Amino acid sequence: MAYLLLRSMLEEPDKRALFSALFGIFAFLDVPLVYFSIRWWRTQHPQPVILGGPGSGLDPRMRISYLLVWTAFTGLLILLLNGRYKLEAMRASVEELRREAEVR
């Protein structure tokens with residue numbers, strides 16, 4: 001969401017591309033830190049529940065609920081990304097039409 005917000009805030013295409021690329025790289029490098037933090041700093045974080053090793057795991061009833069919600073949110077993500085893609089395609093078309101109108 002922050003990435004999309006950043007892209008919509010900057011008007012200049014070169015600046016938008018640079019800042020978006022830097023933010024994307026930073027966000028990608030942050031993923032392993034967030035994932036492994038629950039194993040590295042045990043005093044600050046609870047024990048992992050999913051894929052946590054021996055003695056961890058969800059109750060079977062919770063696992064069904066978790067998978068159902070995960071599927072629902074994945075479907076919502078796909079719908080929202082599809083809508084965002086269509087919006088950006090329309091914005092590009094409008095920008096192209098504006099450029100053509102300025103030339104004439």
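The preceding data block contains the structure.
Calculation rules
Residues numbered from 1 in each chain as written. Predicted model: local features only at pLDDT ≥ 70, side-chain atom pairs only at ≥ 80, totals over all residues. Heavy atoms only, no water. Helix = DSSP H or I, 4+ residues; strand = E, 2+ residues; numbered from the N terminus. Buried < 20%, exposed > 50% of the residue type's maximum accessible area, 1.4 Å probe, protein only. Polar contact = N/O pair within 3.5 Å; in protein donor to acceptor, adjacent residues only side chain to side chain. Contact = heavy atoms within 4.5 Å. Phe/Tyr/Trp six-rings, centres within 6.5 Å; stacked < 30°, edge-to-face > 60°. Axes fitted to C-alpha atoms, helices over the stretch in contact; angles between N-to-C directions. Parallel < 35°, antiparallel > 145°, perpendicular 65-115°, else oblique. Left-handed = near helix turned anticlockwise from the far one by under 90°. Nonpolar A, V, L, I, M, F, W, Y, C, P; charged D, E, K, R; others polar.

Some details on the side chain of Ser20
Position of Ser20 among the secondary structure elements: in helix 2 (residues 13–40). Note on Ser20: relative accessible area 2%, which makes it buried. At a separation of 2.7 Å, a polar atom in the side chain of Ser20 contacts the main-chain carbonyl oxygen of Arg16. What Ser20 contacts, discounting residues up to four positions off in sequence, is Tyr3, Leu6 and Arg7.

Notes on the packing of aromatic side chains
All chains considered together, the criterion is met by two aromatic pairs. Both rings, one in Tyr35 and one in Phe36, keep their centres 5.0 Å apart while their planes meet at 85°; by these two values the pair is edge-to-face. For Tyr35, a relative accessible area of 41% corresponds to the partly exposed category. Grouping aromatic residues by their ring pairs yields a cluster made of Tyr35, Phe36 and Trp40.

Structural notes on the packing of helix 1 (residues 2–9) against helix 2
One can describe the packing of helix 1 onto helix 2 by two numbers: an axis separation of 9 Å at closest approach and a directional angle of 165°. Comparing their axes, helix 2 and helix 1 come out roughly antiparallel. The two elements helix 1 and helix 2 meet at a crossing, and its hand is right-handed. Residues Ala2, Tyr3, Leu6 and Arg7 of helix 1 lie in contact with helix 2, whose contacting residues are Arg16, Ala17, Phe19, Ser20 and Phe23. Considering only residue class, the contact of helix 1 with helix 2 consists of six nonpolar, one polar and two charged.

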